[in-house]
Amino acid sequence: MQMTLKIRRFNPEKDAEPWWGEYQFEAEPTDRLLDALNHVKWYLDGTLTYRRSCAHGVCGSDAMLINGRNGLACKLLLKNLGSRITVEPMRGFRVIKDLLVDMEFFFDKYRAIKPYLITNSPEPDQERLQSPEDREKFDDTTKCILCGACTTACPSFWANPDYVGPAAIVNAHRFIFDSRDEGKEERLDIMNSTEGVWRCRTIFNCVEACPRGINVTRAIGEVKKALLFRKA
């Protein structure tokens, strides 16, 4: 198929404003968008910059704005995107160069919710057991790959970058509802803060944007409910 890839380019070292680069070339309909970006970089313009790693939808490093919606370049086939594709960096993050964005602020919020098992009770003689029913409570939120697609699709985040954001809430949910964890109250305090879970306006963009199919809005709702029914 003959295709046109339109990419929003920006090099802060020499560009005063972002600009659009257009690239025409032949590609297979079953190629992924990441293959098309690689073609541009390897054969047409080696200065194009973007982030990629596993290329199999696991690491989440190639999340970007594709035809106006967030997605992973390695998971989307060209035949499903059309012959003219527009690619931009994710919204709300500082652009380092072209499609490469600064995610340090995003990971600061992730680290703030303490994304690890907290235990204060004595170590058991064997592993900490958990029933299948208790495991099911947070199964969905274990799928997060921290690509940032949900947070950068969120209008509340666009309006207020200090908002903790959907991805951090999803990862807080993963531990708040883990029956083995003993740090629930610490995380609920964080979620109940000024920039916490109450900033969510239930717009559902995060659900549509998540490449792992996580029901982000439901997870946010469950954290809100845990706060409402929290014992004083």
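We now turn to the structure provided with this report.

Rules of the game
- Residues numbered from 1 in each chain as written.
- Predicted model: local features only at pLDDT ≥ 70, side-chain atom pairs only at ≥ 80, totals over all residues.
- Heavy atoms only, no water.
- Helix = DSSP H or I, 4+ residues; strand = E, 2+ residues; numbered from the N terminus.
- Buried < 20%, exposed > 50% of the residue type's maximum accessible area, 1.4 Å probe, protein only.
- Contact = heavy atoms within 4.5 Å.
- Areas by Shrake-Rupley, 256 points an atom, 1.4 Å probe, with all protein chains shown as cover.
- Lys, Arg positive; Asp, Glu negative; His and termini not counted.
- Charge placed at Lys NZ, Arg CZ, Asp CG, Glu CD.
- Pairing = 2+ DSSP bridges.
- Axes fitted to C-alpha atoms, helices over the stretch in contact; angles between N-to-C directions.
- Disulfide = S-S within 2.5 Å.
- 1 Å grid on protein atoms, 1.4 Å probe; cavity = no way out; pocket = protein on both sides within 12 Å on 5 of 7 lines; lining within 4 Å.
- Points joined across faces, edges and corners; volume = space filled by probe spheres on them.
- Nonpolar A, V, L, I, M, F, W, Y, C, P; charged D, E, K, R; others polar.

### Quick notes on the overall build of the chain
Part 1 of the reasoning: Scanning the chain from N- to C-terminus turns up 8 helices and 7 strands.
Part 2 of the reasoning: C-alpha atoms of the chain, sized along the principal axes, occupy 60 × 35 × 30 Å.
Part 3 of the reasoning: Across the 232 residues of the chain, 46% fall into the buried class.
Part 4 of the reasoning: In the chain, once contacts between residues fewer than 6 apart in sequence are set aside, the share between residues at least 24 apart is 64%.
Part 5 of the reasoning: Total accessible area on the chain is roughly 12100 Å²; 50% of this is exposed by carbon and sulfur atoms.
Part 6 of the reasoning: Distance between charge centres in the chain, computed from 34 positive and 33 negative side chains, equals 3 Å.

### Observations concerning the sheet that holds strand β5 (residues 84–88)
Remark on secondary structure: sheet strands pair via backbone hydrogen bonds, oriented parallel or antiparallel.
Part 1 of the reasoning: The strand order β2-β1-β5-β3-β4 describes an open sheet built from 5 strands, whose pairing is mixed. The sheet terminates laterally at β2 (19–26) and β4 (69–72), the two strands that pair on one side only. The mean inter-strand angle of the sheet, taken between neighbouring strand axes irrespective of direction, is 35 degrees.
Part 2 of the reasoning: Here 8 bridges tie strand β1 (residues 2–9) to β2, and the two strands are oriented antiparallel to one another. In the strand pairing of β2, R8 is matched with W20.
Part 3 of the reasoning: Where helix α1 (residues 33–44) meets the sheet, it contacts β1, β2, β3 (63–66) and β5, and its direction lies at approximately 95 degrees from that of β2.

### Some words on the side chain of T141
Part 1 of the reasoning: Relative to the helices and strands, T141 is located in the loop between α3 (132–136) and α4 (155–159).
Part 2 of the reasoning: The residues touching T141, leaving out its near neighbours within four places in the chain, are V170, H173, R174 and A219.

### Considering unusual backbone geometry
Part 1 of the reasoning: In this structure, A55 takes a positive phi of about 65 degrees despite not being glycine.
Part 2 of the reasoning: Looking at the element boundaries, A55 is found in the loop between α1 and β3.
Part 3 of the reasoning: With a phi angle near 50 degrees, N67 is a residue other than glycine that sits in the positive phi range.
Part 4 of the reasoning: For N67, the location among the structural elements is in the loop between β3 and β4.
Part 5 of the reasoning: Of the residues examined, N67 reaches a relative accessible area of 34% and is grouped as partly exposed.

### Let's talk about the state of the cysteines
Part 1 of the reasoning: For the coordinates displayed, the defined rule picks out 0 disulfides.
Part 2 of the reasoning: C54 provides the cysteine sulfur closest to C59, a residue in no disulfide bond, and the two sulfurs are 3.6 Å apart.
Part 3 of the reasoning: Using a relative accessible area of 30% as the deciding quantity, one classes C59 as partly exposed.
Part 4 of the reasoning: A disulfide-free cysteine, C74 has its sulfur positioned 5.6 Å from the sulfur of C54, the nearest such atom.

### Quick word on the layout of surface pockets
Part 1 of the reasoning: If you add up the space inside the largest pocket, you get close to 340 Å³.
Part 2 of the reasoning: Around the largest pocket sit 19 residues that line it, and R69, N70, G71, E208 and A209 are the ones nearest its centre.
Part 3 of the reasoning: When contributions to the lining of the largest pocket are tallied by element, the ones reaching two or more residues are β3, β4 and α7 (205–209).
Part 4 of the reasoning: Per-element tally for the lining of the largest pocket: the top contributor is β4, with 4 residues.
Part 5 of the reasoning: In terms of residue class, the lining of the largest pocket is built from 10 nonpolar, 5 polar and 4 charged.
Part 6 of the reasoning: If you add up the space inside the second largest pocket, you get close to 160 Å³.
Part 7 of the reasoning: Where the lining of the second largest pocket is concerned, the elements lending two or more residues are α6 (184–191) and α8 (216–228).
Part 8 of the reasoning: Its residues assigned to classes, the lining of the second largest pocket comprises 4 nonpolar, no polar and 6 charged.

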